[in-house]
Amino acid sequence: MHAGQRSKVPRNVNMENLRGGYLFPEIAMRELEHARKYPHAKLIRLGIGDTTEPIPHIITSAMAEQALALSTVRGYRGYGDEQGNQELRMAIARAMYKDMGVKWEEVFVSDGAQCDISRVQMLLGSRVTVAVPDPSFPAYVDSSIILGQAGKFEEETRKHQNIVYMRCYPDNNFFPDLENTPRTDIIFFCSPNNPTGAAATRSQLEQLVEFARANGSIIVHDSAYSAYISDGSPRSIFEIPGAKEVAIEISSFSKFAGFTGVRLGWTVVPEELSYSNGFPAIKDFNRIVCTCFNGASNIAQAGGLACLSPDGRQALNKVIEFYRDNAMILVDAFESLGIKAYGGKNSPYAWVHFPGSSSWDVFDDILEKTHIVTVPGVGFGPGGEEYLRVSAFGNRETMLEASKRLKTLYNHFK
Ligand SMILES: Cc1ncc(COP(=O)(O)O)c(C=O)c1O
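Residues numbered from 1 in each chain as written. Predicted model: local features only at pLDDT ≥ 70, side-chain atom pairs only at ≥ 80, totals over all residues.

**Here we look at the sheet that holds strand β11 (residues 341-343)**
So, step 1. Reading across from one edge, β11-β12-β15-β14 is the order of the 4 strands in this open sheet, with antiparallel pairing throughout. Strands with a single pairing partner mark the edges of an open sheet, and in this sheet they are β11 and β14 (375-376).
So, step 2. Sitting on the sheet, helix α11 (residues 310-336) is in contact with β11, β12 (349-353) and β15 (387-391), with an inclination near 15° to β12. (Pairing = 2+ DSSP bridges. Helix = DSSP H or I, 4+ residues; strand = E, 2+ residues; numbered from the N terminus. Contact = placed C-beta atoms within 7 Å. Axes fitted to C-alpha atoms, helices over the stretch in contact; angles between N-to-C directions.)

Below, the structure is given as structure tokens:
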């Protein structure tokens, strides 16, 4: 093959339906242009939701110990169980699903929630119909497109064909209007939601489970931010009676333990969940995991176990509280300017409303005036228009500086 020669392989048509300029590359490009224009400005990055605080020592030392053991004859381990180490699966079932009837055999350890969203999509296949919260984490829609569940993007509505967008906004307390939501096979749901920061109340989750049961749908519940819940809202869909027949839950150590780089998560597929022909979904998921995944890193899993020990959890709670306090600093800064901001209480994000404005315009405006990088809400779906997501992952100094700039510079130019 010489340079410029093309293969004879047609491009996957589903990939052609994905939108080009994906959110974060576009943000990075605008950030770069800004840095060229203001080479001396000190940029504050409150865009991408990546953790910043060091992982507590009790957890990293467990990982170090496991890593060093690999250099010994006694401690060396090769492949582990594809579903994860039994000890960790048992610890997750005990620590995260106490009194919910989740068995350790229903817990599948993974290398993170993002990968599991795609594995669950592979499990469900391309023929199912799908609903997503609007706005929501883009991986639900993008993986639906890649699988072929969803069609082309329509510029007018800013929606992909064959996806039901369940609008979540202040008027409905960021919870979908289920009475007017058409039936779909699959309902993606995320609580606390990224980006809105809204945690569904018990009664809202009961409605969702009831809706799925009445329609014979499957809920794919993403609880990646459940550790941030501070107001008593359920941390798992399985707190709701009847959820085990209609829900899968995907979760992560990323935002809970700063494992965004370490990579560890899990998915619960209950034994009670079955397809229309009565076949148990857990058997198919086990097959997917064995085929497409060979188990999470044993070093990461040792870290996961330490996270779930009483001392590990105590240390992590402090970090989570720290991020939540950061988020409240941001929420308060916007509110002091008379700009309505949501989130913070149950999440590491502020979701800020600029009625009547395009979210990319507000993004540009704030970048220009304060040198702060945020995320335009429309990147999370059409329902994110008029909003910005501002991440509270960062040190305290950064949050205070961002808050100061917003209060002085932004207010001054407003
Ligand atoms: C809602 C939600 N789910 C899943 C993920 C991915 O998590 P992980 O790092 O475990 O892949 C993210 C990451 O930002 C997220 O916001």
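**Points about the domain arrangement of the protein chain**
Bring the parts together and some accessible area is lost; that lost area is often taken as the interface size.
So, step 1. With domains assigned, the protein chain is organised as domain 1 (20-49 + 312-413) and domain 2 (57-308).
So, step 2. Between domain 1 and domain 2, the C-alpha centre-to-centre distance is 26 Å.
So, step 3. Each partner contributes to the interface: domain 1 provides 26 residues, whereas domain 2 provides 34 residues.
So, step 4. Per-element accounting of the side of domain 1 that touches domain 2 gives the leading share, 7 residues, to α11.
So, step 5. Within the side of domain 1 that touches domain 2, the residues separate by chemical class into 11 nonpolar, 11 polar and 4 charged. (Domains from an automatic or database assignment. Nonpolar A, V, L, I, M, F, W, Y, C, P; charged D, E, K, R; others polar.)

**Quick look at helix α6 (residues 139-147)**
So, step 1. Listed as buried for α6 are Y140, V141, S143, S144 and I145.
So, step 2. The inward-facing, buried residues of α6 contact α1 (13-17), α5 (113-124), β3 (130-134), β5 (159-160), β6 (163-167) and β7 (186-190).
So, step 3. With its phi angle positive at about 95°, G148 sits one or two positions after the end of α6. (Buried ≥ 20, exposed ≤ 12 C-beta atoms within 10 Å, placed from the backbone.)

**With respect to the sheet that holds β6**
So, step 1. Ordered by their spatial adjacency, 7 strands build an open sheet running β2-β10-β9-β8-β7-β3-β6, and the pairing between neighbours is mixed. The open sheet is flanked by β2 (107-110) and β6, the only strands paired with a single partner. For this sheet, the mean angle separating the axes of adjacent strands, direction not counted, is 20°.
So, step 2. Across 5 bridges, the pairing between β3 and β6 is parallel. Directly across from A131, in β6, lies its bridge partner V164.
So, step 3. In this fold α5 packs onto β2, β7, β8 (218-222), β9 (247-252) and β10 (265-268), with an angle of close to 155° to the strand it touches most, β9.

**Thoughts on the pairing of β7**
So, step 1. Most of β7 sits out of view: 5 of its 5 residues are buried.
So, step 2. In β7, alternate side chains face the same way, and those of I186, F188 and C190 on one face and I187 and F189 on the other are all buried.
So, step 3. Of the strand pairs in this sheet, β7 and β8 are connected by 5 bridges, and their pairing is parallel. Counted as the bridge partner of I186 is I218 from β8.
So, step 4. For the crossover from β7 across helix α7 (residues 202-215) to β8, the handedness is right-handed. (Right-handed = clockwise from strand over helix to strand, strands pointing away.)

**Concerning the site of the ligand**
So, step 1. With respect to spatial proximity, 13 residues lie near the ligand, and among them G112, A113, Q114, S252 and S254 are the closest.
So, step 2. Taken together, the residues of the shell around the ligand break down into 4 nonpolar, 8 polar and 1 charged. (Near = placed C-beta within 6 Å.)

**Details of the environment of K255**
So, step 1. Of note, K255 is situated in helix α8 (residues 254-257).
So, step 2. In the structure, K255 is positioned 18 residues away from L273 in sequence and 27 Å away in space, judged by C-alpha atoms.
So, step 3. If near-sequence neighbours (up to four positions away) are discounted, K255 is found in contact with T51, A224, Y225, A227 and P348.

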